[in-house]
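For reference, the chains in residue letters:
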Amino acid sequence: MARARNAAEAARQDAARMRYAMLIPPEGVPVRFEIASLMSRLGAQIIDILITGFGALAITLVVALLPFGLGAQPAFVLFSLLMLFIRAPYYILAELFWNGQTLGKRLTGLRVLAADGRGLTTHGVVARNLMKEVEVFIPGTMLLGAASLGWFWSLILFVWIAILLIVPLSNKKRQRIGDILANTYVARQPKVILMPDLTVSKAEAEFVFSADQLEHYGRFELQTLETLLRANPLDKPVKKAMRQTLIEVAAQIRRKIGYEEAVPDNRALAFLHALYRAQRAFLEQKQLFGEVRDDKYHQEKDAKSDR
């Protein structure tokens, strides 16, 4: 009993440590994201450093093995320059073309988001990643050679690193200076979880609906159909008393939308599940462009409003 209480208390404390941000995209539908922890961001950063470092090292070794060769000092200088010229374009291009993710962020489930809810801008991505050189890589390089620094520069480096750590620790979205300037933050990529009883690909491939067929129903009918399908998931046998009802509902819908293909009685439930997914996607797409369909009478209501 005590162990269960301790586990519950630990889970509660972990949940309390999590931070969330509410992002409101142009569509106006709020989306809740979990702010990435500093440790997870560090993990992503290490992966990206290893990737860029390996690329710079490979090029340096190729150049060093050329007939004229390179000494140790020129090879180190070349490696340092390559790290700079590979690293910055890598972060910028990856986040621009992979929707806010580098390989490190993708592997750790993180993503850069624009704080205003809109898409990432080129200016924002460039700003946050150029500032990363000042915030992460320059002090990191100096830290490696801290033993050779005098007390004055060691103190400057200590204050510098302290400020860089205080900034993300002291704001709700754990934004570093580059994120503040670019109006971005790093969040955990949400996992897409779909209901198992409404996500059977076979039914989706078996029954295909045109846009004209999906025009007939609205949100109310979709909710009604969803209630019916929740009580009759595809992965469980249908009760005998319900089987005839499903067949009649499927037949009525087919007549209403003009679905001419034959649907066997034993596939009526699969037909309804496929229709639900197609109708839901259709209505969500319409809503994305500002068109809301409450029920099957939406066309009549639109016609009256136009008068």
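The structure reproduced in this document is the subject of the present report. (Residues numbered from 1 in each chain as written. Predicted model: local features only at pLDDT ≥ 70, side-chain atom pairs only at ≥ 80, totals over all residues. Heavy atoms only, no water.)

## Quick look at the packing of aromatic side chains
Following the criterion strictly, the structure yields 3 aromatic pairs and no others. Ring geometry for tyrosine 90 versus tyrosine 91: centroids 5.3 Å apart, planes at 70°, classification edge-to-face. For the pair formed by tyrosine 90 and tyrosine 91, the shared burial category is buried. Aromatic side chains tyrosine 259 and phenylalanine 271 sit 5.2 Å apart centroid to centroid with 65° between the ring planes, which places their arrangement in the edge-to-face category. Here tyrosine 259, found in the loop between α11 (240-257) and α12 (268-288), pairs with phenylalanine 271, found in helix α12; they are 12 residues apart in sequence, far enough to count as distant. Phenylalanine 271 matches tyrosine 259 in its accessibility class, with the two residues each being buried. Members of the aromatic cluster, each reached through a chain of ring pairs, are Tyr90, Tyr91 and Phe137. Over the ring of phenylalanine 137 we find arginine 87, and its NZ or CZ is 3.9 Å from the ring centre. Above the face of the tryptophan 98 ring, arginine 106 is positioned so that its terminal group lies 4.6 Å from the ring centre. (Phe/Tyr/Trp six-rings, centres within 6.5 Å; stacked < 30°, edge-to-face > 60°. Buried < 20%, exposed > 50% of the residue type's maximum accessible area, 1.4 Å probe, protein only. Helix = DSSP H or I, 4+ residues; strand = E, 2+ residues; numbered from the N terminus. Lys NZ or Arg CZ within 6 Å of the ring centre and 35° of its normal.)

## Let's talk about the pairing of strand β4 (residues 184-188)
A large share of β4 lies buried, amounting to 4 of its 5 residues. Where strand β3 (residues 110-114) and β4 come together, 5 bridges link them in antiparallel fashion. Directly across from valine 112, in β4, lies its bridge partner valine 186. (Pairing = 2+ DSSP bridges.)

## Regarding the pattern of salt bridges
A complete count under the given rule lists 8 salt bridges for this structure. Salt-bridge contacts for glutamate 34 lead to arginine 188; the nearest nitrogen and oxygen are separated by 3.8 Å. Pair noted here: glutamate 34 is in strand β2 (residues 31-34) and arginine 188 is in strand β4, with a separation of 154 residues, a long-range link. Take arginine 188: its relative accessible area is 31%, and that puts it in the partly exposed class. Residues joined in a network through salt bridges with shared partners are Arg41, Glu95, Lys105, Arg128 and Asp179. (Salt bridge = Lys/Arg side-chain N within 4 Å of Asp/Glu carboxyl O.)

## Observations regarding the nonpolar core
If you look at the biggest cluster of nonpolar residues, it comprises 25 residues, and the most contacted ones within it are Phe207, Phe209, Phe271 and Leu272. Per-element accounting of this core gives the leading share, 10 residues, to α12. Counting 6 residues, the second largest nonpolar core, distinct from the first, contains Ala21, Ile35, Leu113 and Tyr185. (Core = buried A, V, L, I, M, F, W, Y, C linked by side-chain atoms within 4.5 Å.)

## Some points on the packing of helix α2 (residues 38-64) against helix α3 (residues 72-97)
Packed helix pairs are characterised by how far apart their axes lie and by the angle those axes make with each other. With their axes 9 Å apart at the nearest point, α2 and α3 run at an angle of 135° to one another. Accordingly, the angle class assigned to the pair α2 and α3 is oblique. As α2 packs across α3, the resulting crossing turns out to be right-handed. Along its contact with α2, which presents Gln45, Asp48, Ile49, Ile51, Thr52, Gly53, Gly55, Ala56, Leu57, Ile59, Thr60 and Val63, the element α3 presents Ala75, Leu78, Phe79, Leu82, Met83, Ile86, Arg87, Tyr90 and Tyr91. (Axes fitted to C-alpha atoms, helices over the stretch in contact; angles between N-to-C directions. Parallel < 35°, antiparallel > 145°, perpendicular 65-115°, else oblique. Left-handed = near helix turned anticlockwise from the far one by under 90°. Contact = heavy atoms within 4.5 Å.)

## A word on helix α6 (residues 151-169)
For α6, with 19 residues, the first-to-last C-alpha span of 27 Å sits near the 27 Å given by 1.5 Å per residue. Every buried residue of α6 is listed here: Leu157, Leu164, Val167 and Pro168. Projected down its long axis, α6 carries its buried residues within an arc of 95°, all on one side. Turned more than 90 degrees off the buried face of α6, the exposed positions are Trp151, Phe158, Ile166 and Leu169. (Expected span 1.5 Å × (residues − 1). Arc of directions from axis to C-beta.)

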